[in-house]
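What follows is the residue order along each chain.
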Amino acid sequence: MAKVRSKRGRRAKVETAIAHIKSSFNNTIVSITDEQGNLLASSSAGSAGMKGSRKGTAYAGGIAALEAAKTAMKNNGVIRVNVKITGPGSSKETAVRSLESAGLQILSIQDVTPIPHNGCRSPRPRRV
């Protein structure tokens, strides 16, 4: 792995990375890390310019993923990504499509949403 000097210290040229997509009902956060877990680029629907309820939309998740992918490709030379998706939000598929349209080659897609195996008691249902 070749190290390249920059203003903020050392920056590694990484070809294969991991894209973590956390999609909640209110926001979508996309983080791109190297194999060891060091952060290369990150973006969210809020940092992409969306406010309020628009952050939870699929369009906002796609823009956040596109922004993170372009930053990782430009600064660190990322070419291929393994995608790990977490959460119940609506923008998961759109974010994956945006990573691909940015020019990244997707090697694998994993859903790593934590599912309880009869752990804590779930909250009571809402009465509306």
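Residues numbered from 1 in each chain as written. Predicted model: local features only at pLDDT ≥ 70, side-chain atom pairs only at ≥ 80, totals over all residues. Heavy atoms only, no water.

Student: How would you summarise unusual backbone geometry if you had to cite specific residues and measurements?
Tutor: Phi at Asn118 is positive, roughly 55 degrees, even though this residue is not glycine. Mapped onto the fold, Asn118 is located in the segment after β7 (105-111). A relative accessible area of 79% places Asn118 in the exposed class. (Helix = DSSP H or I, 4+ residues; strand = E, 2+ residues; numbered from the N terminus. Buried < 20%, exposed > 50% of the residue type's maximum accessible area, 1.4 Å probe, protein only.)

Student: Provide a residue-level description of the pairing of strand β5 (residues 39-44), including the pertinent values.
Tutor: The pairing of strand β4 (residues 28-33) with β5 spans five bridges and is classified as antiparallel. Bridge pairing in β5 links Ser31 to Ser42. Connecting the antiparallel pair β4 and β5 is a turn made up of five residues, with Gly37 showing a positive phi of about 100 degrees. (Pairing = 2+ DSSP bridges.)

Student: Can you explain the pattern of salt bridges? Please cite residues and give values.
Tutor: Opposite charge on two side chains lets them pair, provided their charged atoms get close. On inspection of all chains with the given rule, the structure shows one salt bridge. Of the charged contacts, one joins Glu15 and Arg80 as a salt bridge, the two residues approaching to 3.4 Å between their closest N and O atoms. Taken together, the residues Glu15 in the loop between β2 (9-12) and β3 (16-23) and Arg80 in strand β6 (residues 80-86) connect sequence positions 65 residues apart. Among the residues examined, Glu15 registers a relative accessible area of 44% and is labelled partly exposed. (Salt bridge = Lys/Arg side-chain N within 4 Å of Asp/Glu carboxyl O.)

Student: Describe the sheet that holds β4, and please don't skip the residues or the numbers.
Tutor: A sheet is described by the order of its strands in space; here five strands give the open sequence β5-β4-β3-β6-β7, paired in mixed fashion. The open sheet has two edge strands, β5 and β7, and neither has a second partner. The sheet shows a mean angle of 15 degrees between the axes of neighbouring strands, direction not considered. Relative to β4, β3 runs antiparallel, the two being bridged by six bridges. Across the sheet, Ile18 pairs through a bridge with Thr33, a residue of β4. Contacts from helix α1 (residues 58-76) reach β4 and β5 within the one sheet, and its direction differs from that of β5 by about 155 degrees. Helix-sheet contacts for helix α2 (residues 92-101) involve β3, β6 and β7, and the interaxial angle to β3 is about 150 degrees. (Axes fitted to C-alpha atoms, helices over the stretch in contact; angles between N-to-C directions. Contact = heavy atoms within 4.5 Å.)

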